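Residues per chain are reported as follows:
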Amino acid sequence: MAKNYRAELTGVFGCPVEENPTGVMEEAAFAAKGLDYRYLTIRVEPGALQAAMEGMRAMNMRGINLTIPHKVEVLKYLDGLSPAAEIIGAVNTVINNGGRLWGENTDGKGFLTSLQNEGVSVTGKRVVILGAGGAARAISVECALAGAEKVTIVNVTRERGEALVKLLQEKTSAKAEFVLWDRPFSVPADTDILVNATSVGLYPNVNEKPDINYDTIAKHMVVTDVVFNDPHTLFLQEAEQRGAKTVNGLGMLVCQGALNFTLWTGEEAPLEVMEETLKQEFGL
Ligand code: NDP
């Protein structure tokens, strides 16, 4: 049989993108599975996305991740969307199926999988989410679609929080409510899952934590954080001290990367390799 020298190309388009660690994790996964795939970290300036997407098609790239500032604009250049991506209104993963570009959002799905891996399901649960940005949007929609009973959005900027609640009410069957975050937030006693979906605590601001009354965190709650660098955030440390089960943001990052891997290759992702690679990258 003739040799095939052509590798399948994947990567990420973003700006800035230089510090995005996904490529190291995906390349380690491709190598571990013996797949001839590459993952390139590509700087695409604002305004250059259309050309980049045309380039992706022209070069028959297998798939691409999108990060800041392209997750919403990319919708214009796609041929189809997953139901969740359509509701969320943002795409972080594109799959090229023979020239047809299909968009998915794996952020919220990665979050759900990381909880499942710890034996936690959101079905029938009351979920409280701090923040209303891109991560909160993806997580809240997936929680609602997965059958959460109630989703509470807590945000400093009222308009952003209210808009997300409206979206949940219109597009999902979960109960949704907004709480304005204008003083230390007290976690309602009937909360099952508390999520920090803000960027508070992200490196280099590792000494910061969300402004909440930490004594309102109870043992029966599962407390999770999207911040992955450093994953052992002060927020999670406070929750641990109150006896709550915690799930960190590294798991979410690995799980969304694993979903991308499977969408592009059709193979099961080597989760341990991916997690170990990221830990090494972050010096953990
Ligand atoms: P956005 O900028 O879209 O949203 C940030 C949110 O945080 C907003 O709701 C903002 O509130 C809130 N916020 C920021 N600072 C504060 C503060 N001091 N007090 C209270 N609220 C605050 O960011 P993203 O949603 O894209 O990202 C958020 C975090 O999620 C980042 O740390 C990112 O690294 C992480 N992330 C992790 C992933 C993973 O796989 N683990 C995947 C995707 C993201 P307001 O609306 O009032 O401005």
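Residues numbered from 1 in each chain as written. Predicted model: local features only at pLDDT ≥ 70, side-chain atom pairs only at ≥ 80, totals over all residues. Heavy atoms only, no water.

Draft legend 1. Inspection of the site of the ligand at higher detail. Within the structure, the ligand sits among 21 residues, and A132, A135, N155, T157 and V226 are positioned closest to it. A distance of 2.8 Å is found between an oxygen atom of the ligand and a backbone nitrogen or oxygen belonging to A135. Take V226: an N or O atom from its main chain is 2.9 Å from a nitrogen atom of the ligand. A total of 930 Å² of accessible area belongs to the ligand in isolation, and the protein chains cover 72% of it. Of the pockets mapped on this structure, the ligand occupies the largest pocket. For the shell around the ligand, the elements supplying multiple residues, two or more each, are α5 (134-145) and α8 (249-265). Examining the composition of the shell around the ligand, we find that 3 residues originate from one element, α8, more than from any other. Residue classes in the shell around the ligand are distributed as 11 nonpolar, 8 polar and 2 charged. (Near = heavy atom within 4 Å. Polar contact = N/O pair within 3.5 Å; in protein donor to acceptor, adjacent residues only side chain to side chain. Areas by Shrake-Rupley, 256 points an atom, 1.4 Å probe, with all protein chains shown as cover. 1 Å grid on protein atoms, 1.4 Å probe; cavity = no way out; pocket = protein on both sides within 12 Å on 5 of 7 lines; lining within 4 Å. Sits in = over half its atoms within 2 Å of the grid points. Helix = DSSP H or I, 4+ residues; strand = E, 2+ residues; numbered from the N terminus. Nonpolar A, V, L, I, M, F, W, Y, C, P; charged D, E, K, R; others polar.)

Draft legend 2. How the structure looks around the packing of α8 against helix α9 (residues 271-281). The N-to-C vectors of α8 and α9 enclose an angle of 130°; their axes lie 10 Å apart at closest approach. Here α8 is positioned oblique relative to α9, judged by the angle of their axes. Both α8 and α9 take part in a crossing whose hand is right-handed. In this structure, α8 contributes L250, L253, V254, G257 and A258 to the contact, and α9 contributes L271, M274, E275, L278 and K279. Class assignment for the residues of the contact of α8 with α9 results in 7 nonpolar, 1 polar and 2 charged. (Axes fitted to C-alpha atoms, helices over the stretch in contact; angles between N-to-C directions. Parallel < 35°, antiparallel > 145°, perpendicular 65-115°, else oblique. Left-handed = near helix turned anticlockwise from the far one by under 90°. Contact = heavy atoms within 4.5 Å.)

Draft legend 3. Geometry of the pairing of strand β8 (residues 150-155). Counting buried residues in β8 gives 5 out of 6 residues, a clear majority hidden from the surface. Handedness of the crossover joining strand β7 (residues 126-130) and β8 through α5 is recorded here as right-handed. For β8 and strand β9 (residues 175-180), the ladder comprises 6 bridges, and the chain directions are parallel. Residue V151 lies in a different strand from β9, and its bridge partner there is A176. In this fold, β8 hands off to helix α6 (residues 158-171), which returns the chain to β9; that crossover is right-handed. (Buried < 20%, exposed > 50% of the residue type's maximum accessible area, 1.4 Å probe, protein only. Right-handed = clockwise from strand over helix to strand, strands pointing away. Pairing = 2+ DSSP bridges.)

Draft legend 4. Representation of the packing of α5 against α6 within the structure. Running from N to C, α5 and α6 cross one another at 25°; their axes reach a closest spacing of 10 Å. When the axes of α5 and α6 are compared, the pair comes out roughly parallel. Both α5 and α6 take part in a crossing whose hand is right-handed. Contact with α5, carried on its side by A136, R137, S140, V141 and A144, involves L164, L167 and L168 of α6 and no other residues of that element. By residue class, the composition of the contact of α5 with α6 is 6 nonpolar, 1 polar and 1 charged.

Spatial relationships are all this shows, so hold off on functional conclusions.
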